[in-house]
Amino acid sequence: MVSHDTLLQRLQTEFRVTGTVLSWLRSDLRYWSQFVKLSSHQSPAVNLNVGVPQGSVLGPILFDIYCSPVGDVIAWHGVQYHQYADDSQLHLAMRTDNTSAGLSALAACTSVRLWYMQNSLQLNPDKSEALLVGTSQQLKQA
C-alpha cells in the first residue's frame, strides 16, 4: 500500500517537487476515493489515504517514485538494477571462477524484502527468480 504522506514526502525531498505541482498532487491524492457499483446499487464512496490510481498515466510514475529508495538498498550491495512500474530486475556479472562472491551479493540483497515490508509493500516470491546467462561451458562451471 502506497502511503500518500510518504509519497508526498519523497516527491519533495528526493525529487524536489514543490509549489503548484506538489499542491496539485496533494489535492489529487487527498480527494481520491472509491466505491463499488453493481447494476443500480452503489456503495458509499470511501476516501483513500493509500494507493495510487491504477490505469492512470500518473499511477506507474507515482509508484516508481514511492519505490525509488529501494534502489539505494540494492546498489549498496554492489548490484546493478532496473526498476519498472511494478517490477525490479537485479543484474550482476560474475566470474565463473568466483561465483560464490556474486551469489553472496545477491543473497545479501534479501534486505530488499525487508525494505518493502517496512514500506507496506510485499514482494511476490512466486515471481522472484534468478537467471544465469553464459556459454554452456561457463554454466557447467557455475
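Refer to the structure printed above.
These numbers were taken from a predicted model, which means no experiment stands behind them. (Residues numbered from 1 in each chain as written. Predicted model: local features only at pLDDT ≥ 70, side-chain atom pairs only at ≥ 80, totals over all residues. Heavy atoms only, no water.)

## Points about unusual backbone geometry
Here is the rule we go by: Helix and strand assignments follow DSSP, with helices taken as H or I runs no shorter than four residues and strands as E runs no shorter than two, numbered in order from the N terminus.
A positive phi angle, close to 55 degrees, is found at Arg 16, a residue other than glycine. Position of Arg 16 relative to the elements: it lies in the loop between helix H1 (4–13) and helix H2 (19–30). Backbone geometry at Ser 39 places phi at a positive 60 degrees, although glycine is not the residue there. Mapped onto the elements of the fold, Ser 39 is located in the loop between strand S2 (37–38) and strand S3 (41–42).

## What about helix H3 (residues 58–67)?
Quick note on the threshold: Burial here depends on accessible area, computed with a 1.4 Å probe over protein chains only, as a share of the maximum for the residue type. Under 20% is buried, over 50% is exposed, and the range in between is partly exposed. The criterion used for residue contact is that any of the two residues' heavy atoms lie within 4.5 Å.
Gly 59, Leu 62, Ile 65, Tyr 66 and Cys 67 are the residues of H3 that are buried. Next to the buried residues of H3 lie H1, H2, helix H4 (70–76), strand S5 (80–83) and helix H6 (111–118).

## What to know about the packing of H1 against H2
Using the following cut-off: Axis definition: a line fit to C-alpha positions, over the contact stretch in the case of helices; interaxial angles, taken between N-to-C directions, run 0 to 180 degrees. Oblique is the label for any angle not covered by the other classes, which are roughly parallel (under 35 degrees), roughly antiparallel (over 145) and roughly perpendicular (65 to 115). Polar here means any residue other than Ala, Val, Leu, Ile, Met, Phe, Trp, Tyr, Cys and Pro, which are nonpolar, and Asp, Glu, Lys and Arg, which are charged; Gly is therefore polar.
Across the interface, H1 lies against H2 with an axial gap of 11 Å and an inter-helix angle of 170 degrees. When the axes of H1 and H2 are compared, the pair comes out roughly antiparallel. Where H1 abuts H2, its residues His 4, Leu 7, Leu 8, Leu 11 and Gln 12 lie against Leu 22, Leu 25, Arg 26 and Leu 29. Taken together, the residues that form the contact of H1 with H2 break down as six nonpolar, two polar and one charged.

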